[in-house]
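Secondary and tertiary structure notes
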Amino acid sequence: MIGVAVIGTGFGQKVHIPGFQAHPGTEIVAIYHRDLNKAQAIAQAHNIPHACNTIADIVKLPAVQAVSISTPPFLHYEMAKAVLQAGKHLLLEKPVTLNAAEAKELHSLAREKGLIVTVDFEFRFVPGWQLFSELISENYVGSKRLIRIDWLGSSRANPERPWNWYSRQDMGGGALGSLGSHAFDYIHWLFGPVRRLNAHLTTAIPQRTDPNTGELKPVNTDDTCMLMLELADGTPCQLTISAVVHASRTHWLEVYGDKGTLVLGSENQKDYIHGFRVWGSQPGKPLTEIEIPNRLMFPKNYADGRISAFLRVVDTWVQGIETGNATMPSLQEGVYSQILMDLSHQSHDTSNWVDVPDLTAYLPS
């Protein structure tokens, strides 16, 4: 059993704690919250032996071999750096840092220390996505001619939702960070690297109410992102992300090639893991659903689908720790996603196309 400390008690309590407690290879031995009383209450509620209110106390515990971090993005870099410097393996939520330079530093530190870092890019582990990936790899569509991706949701659509860190760009807020980080990873996973991109970011709700003061405060983060990507193989890719729209087709990927069409989509508004289906067609033929084989299905479905996918992420992390070999998605994939987010902001600020560096050249071998 790998002794794990959980840092972050929002998403951590909803997904990380139940996931680690259900996994046969991990045991939660400590919990962190900046308020010690809250840390102790959470520890007691989940039968966790240690509660701490500093990262230093967490990493000093001999029982802690590995740490998961699911705090807001602006806290990731310092927390992750402390964990890696202490020689602990790391499971990190996305976006991994606030910028690519910070992510690159963490990547170098992890390599220097020989530590396994896994990033929670969970779409790689969802059955429908895995089938979609297999079909792409088997050349179902042939030579790709166009990729279209729509990821549309209403999580920020209510203007009465209060102002918080998500409303501040310097804290890693915005739809590009929360959703675009995933999209950039799965585009790389499914279709390969990006050669250049052009981004336009907008904010539909420019002010929100501060829950502490009742005053309206400015929102300087994006809630809708329009991106054009040119992949390294020349394929054009159109990516639309929004967190402020009410749409029935919440997450949809379409790939058009000279031999066929593949579609992956979900209309599940409440659970962004469950509900994905795959359709395919040959030229001139109607789209037909392709059944997801049992070998790809989750062995157990949880009411919160994120736990089902997270357990598979933990599988890869545990495997990496036990073998000493990095498994994907590693921090390298987190760095690449962060590079594309940084360049999207640069493209938006300059209203220009921006070239994307080669990852192997960006990260020292």
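Up top is the structure.
Here's what I pulled together on the structure shown here.

Reading guide: rules and limits
Residues numbered from 1 in each chain as written. Predicted model: local features only at pLDDT ≥ 70, side-chain atom pairs only at ≥ 80, totals over all residues. Heavy atoms only, no water. Buried < 20%, exposed > 50% of the residue type's maximum accessible area, 1.4 Å probe, protein only. Helix = DSSP H or I, 4+ residues; strand = E, 2+ residues; numbered from the N terminus. Contact = heavy atoms within 4.5 Å. Salt bridge = Lys/Arg side-chain N within 4 Å of Asp/Glu carboxyl O. Pairing = 2+ DSSP bridges. Axes fitted to C-alpha atoms, helices over the stretch in contact; angles between N-to-C directions. Parallel < 35°, antiparallel > 145°, perpendicular 65-115°, else oblique. Nonpolar A, V, L, I, M, F, W, Y, C, P; charged D, E, K, R; others polar.

Regarding helix α6 (residues 127-137)
α6 sits mainly inside the fold: 9 of its 11 residues count as buried. Looking only at α6, the buried set comprises Pro127, Gly128, Trp129, Gln130, Leu131, Phe132, Ser133, Leu135 and Ile136. As for α6, its buried residues are in contact with α7 (175-191), β13 (251-257), β14 (261-266), β15 (277-281), β16 (288-290) and α8 (305-323). Among the residues trailing α6, Asn139 stands out with phi positive, at a value near 65 degrees.

Section: the pattern of salt bridges
For the structure on display, the rule yields 14 salt bridges. A salt bridge links Arg195 to Glu230, with the shortest nitrogen-to-oxygen separation between them at 2.6 Å. Highlighted residues: Arg195 in strand β8 (residues 194-202) and Glu230 in strand β11 (residues 224-231), separated in sequence by 35 residues. Asp210 is paired through a salt bridge with Lys217; the nearest N and O atoms lie 3.4 Å apart. The class of Asp210 is buried, set by a relative accessible area of 8%.

Overview of the sheet that holds strand β3 (residues 50-52)
What holds strands together in a sheet is hydrogen bonding between their backbones, with the strands either parallel or antiparallel. The 6 strands are arranged β3-β2-β1-β4-β5-β6 in an open sheet whose pairing can be described as parallel. Each edge of the open sheet is held by one strand with a lone partner, namely β3 and β6 (117-119). For this sheet, the mean inter-axis angle between neighbouring strands, taken without regard to orientation, is 25 degrees. Of the pairings in the sheet, the one linking strand β5 (residues 89-92) to β6 comprises 3 bridges and is parallel in character. If you follow Leu90 over to β6, its bridge partner there is Val117. Sheet strands touched by α8: β1 (2-7), β2 (26-32), β4 (66-69), β5 and β6. Its angle to β5, the strand with the most contacts, is close to 160 degrees.

Topic: the packing of helix α4 (residues 76-85) against helix α5 (residues 100-113)
At their nearest, the axes of α4 and α5 sit 10 Å apart, and the two run at 10 degrees to each other. The angle between α4 and α5 falls in the class roughly parallel. Note on element contacts: α5 touches α4 through Glu102, Glu105, Leu106, Leu109, Ala110 and Lys113, opposite Tyr77, Ala80, Lys81, Leu84 and Gln85. Looking at side-chain class alone, the contact of α4 with α5 contains 6 nonpolar, 1 polar and 4 charged residues.

Note that every value here comes from positions in space, so none of it alone points to a role or purpose.
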